[in-house]
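Geometric and topological summary
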Amino acid sequence: MAEMKRHDNRLGLWGWLGGGRWGVERHAYILHRLTGLAILLYFLMHIVVTSLRASGKYMWIEGHVLHQPVFRFGEYLVFAAFAYHAFNGIRLVLVELGLAVGKPIEPIYPYKTSLNVQRPLLISMMVLAGIFLLLGSFEFLGVGK
Amino acid sequence: MTENTNNSRPITFHVTRYNPESDRKPYIKSYTVPVRAGMTVLDGLHYIKENLDPTLAWRFSCRMGVCGSCGMLLNGHPTLACNTQILHIADTDLTVGPLPNFEIIRDLVPDLMTMFEKHRSINPHIVRTDEKELNTPEGEFYQTPEQLEKFLQFTYCIKCGCCMGACPTLATDVHYLGPMPLAAAERYDNDSRDDGWRDRHQLTGSAHGAFRCHYAGECSRVCPKGVDPARAIQHLKRQLVLDYLHLARKKKPCAMLHGPGEGKLLANIPAAPAKTV
Ligand code: SF4
Ligand code: SF4
Ligand code: FES
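All names here are of chain A. On the surface, W14, L17, L34, L37, L40, F43, L44 and I47 cluster together to form a nonpolar patch covering roughly 790 Å² of accessible area. The set of elements that each furnish at least two residues to the nonpolar patch consists of α1 (12-17) and α2 (24-51). The biggest single contributor to the nonpolar patch is α2, with six residues. Residue position: L40 is located in helix α2. Taking the relative accessible area as the measure of exposure, L40 reaches 47% and is therefore partly exposed.

Residue and element names in this part refer to chain B. Taken together, the neighbourhood of ligand 2 is formed by 14 residues, with C167, Y176, C213, A216 and C219 sitting nearest. Judged by the proximity of its atoms to the pocket grid, ligand 2 belongs to the second largest cavity. Taken together, the elements giving at least two residues each to the shell around ligand 2 come down to α7 (168-172), α10 (218-222) and α11 (229-244). Considered class by class, the residues forming the shell around ligand 2 number ten nonpolar, three polar and one charged.

Turning next to the packing of helix α3 (residues 113-121) of chain B against helix α8 (residues 179-189) of chain B. Residues and elements named next belong to chain B. Packing of α3 against α8 brings their axes to within 9 Å, and their N-to-C directions diverge by 20 degrees. It follows that α3 is roughly parallel to α8 by the angle criterion. Crossing hand, α3 versus α8: right-handed. Listed contacts from α8 to M115, K118 and H119 of α3 are M180, P181 and A184. Grouping the constituent residues of the contact of α3 with α8 by class yields four nonpolar, one polar and one charged.

What counts and how
- Throughout this document, residue positions are counted from 1 along each chain, in the order its sequence is written.
- Think of it this way: whatever chain is written first is A, whatever ligand is written first is 1, and the rest follow in order.
- Where local features are concerned, this predicted model is filtered to residues with pLDDT of at least 70; where side-chain atom pairs are given and counted, the filter is 80 or more; whole-chain, interface and lining totals use all residues.
- As a convention, hydrogens and water are excluded, and side-chain values are obtained from all of the structure's heavy atoms.
- Only residues whose relative accessible area exceeds 30% and that take part in no salt bridge are eligible for patches, with like-charged residues grouped when within 9 Å of each other and nonpolar side chains (Val, Leu, Ile, Met, Phe, Trp, Tyr) grouped when within 5 Å.
- Only the protein chains shown count as cover for residues, and all accessible areas are computed by the Shrake-Rupley method using a 1.4 Å probe.
- Salt bridges are identified by distance alone: a Lys or Arg side-chain nitrogen within 4 Å of an Asp or Glu carboxyl oxygen.
- Put simply, DSSP H or I for four residues or longer makes a helix, DSSP E for two residues or longer makes a strand, and each gets a number counted from the N terminus.
- We call a residue buried when its accessible area falls under 20% of the maximum for its residue type, exposed when it is over 50%, and partly exposed in between, using a 1.4 Å probe and counting protein chains only.
- Think of it this way: one heavy atom of a residue within 4 Å of a molecule or strand is enough to make that residue near it.
- Computed over the protein atoms alone on a 1 Å grid, cavities are sets of points where a 1.4 Å probe fits but cannot get out and pockets are open sets with protein on both sides within 12 Å along at least five of seven lines; a residue lines them when it has an atom within 4 Å of a point.
- A molecule is said to be in a cavity or pocket once over half of its atoms fall within 2 Å of that pocket's grid points.
- We call Asp, Glu, Lys and Arg charged. Ala, Val, Leu, Ile, Met, Phe, Trp, Tyr, Cys and Pro are nonpolar, and the rest, Gly among them, are polar.
- For helices, the axis comes from a line fit to the C-alpha atoms of the stretch in contact; other axes are also lines fit to C-alpha atoms, and the angle between any two N-to-C directions lies between 0 and 180 degrees.
- Roughly parallel means an angle under 35 degrees; roughly antiparallel means over 145; roughly perpendicular covers 65 to 115; every other angle is labelled oblique.
- Handedness of each helix crossing follows the sense of rotation of the near helix against the far helix: counterclockwise by less than a right angle gives left-handed, clockwise gives right-handed.
- By the convention used here, residues are in contact when the closest approach between their heavy atoms is within 4.5 Å.

Written as structure tokens, this is what we have:
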């Protein structure tokens, strides 16, 4: 029999980034990856910029382009990404070691899943990330200096 | 109950159509269906086929959430058509599409073979080193209710594929085993009668195995049977880590139970009928 033509219905990148999104864990998942990629990008840029040191001291002089507010703001975004990624990462380590998802139960409608079990952990980690971010904001704004 | 058509409300079904022989790609076709309270999406599709368009194709069998045939995308949400009442999810419009992350054979019929092949690859059955025990059984395997509860939840899976359609990881990695096969692996790994977990770990611990999952949790959210594959996968990851670190508790598969009759037939039980296969 001849092979029948099929339509590939894999969602691809859009399925990863946009498809679904029915719950807060799904948003946390996207944000975790995006912040991870952002931190990686920053790391690469960081290596390039610090390596410029080899071509002279002038990059570190006050007033250079790297000290412009836009770069300060960029650094703040990296810090925010770090705060989220770190605290959500702690939750993921605990969850992915099967420590915060609860034991298997008898499924009785309406179903409660492991998502409900780990939700308090998610909320507390986000609160901690928020506090961390707030403290960092004071630092960035130079409050108390 | 007498049918009261006056009580019906028109709902427009936006159905994905695709005929591999004539269409280059899927397109949406709309049908208006008079919907009464209590009608399921499956009933709506039957209405379309009987009254509006006999060429519409989809898959179903039990029409009561047992066989796992009718998984589809309803308003962008993977779920069972027979288990979903139209008026619960639609006021005026309803989109009906095939489960994503599978190839479309025709209209709403996805090709689930990729899922079944992955499922088969993880040995979804009890493995004993001594095959004789399974092939010519002389007694029962001993299992306590607590041992049963360790995997019972994961046995309720009906292989509908809704979780596979929802998983964002599967959307980008075709080779990822996916929530259903991984939950099945955890189900058998955890069975006190099983001795096949080492082989299964080879696969579930591979690059396309459990560690591809990052707990987006969509699989557990859409599962129509409350199987919670995301939970199964996280427990599986812990086992894989412990196994890798050589910290896994040495698990011996349970022995045959020689209960009151000590493995011998009791005198008052008639002999089993002759084997037919
Ligand atoms: S785990 Fe749930 S959603 Fe996935 S195939 Fe099984 S029953 Fe369907
Ligand atoms: S929890 Fe894991 S398997 Fe389930 S949808 Fe998310 S990534 Fe996929
Ligand atoms: S028809 Fe069997 S699960 Fe829907």
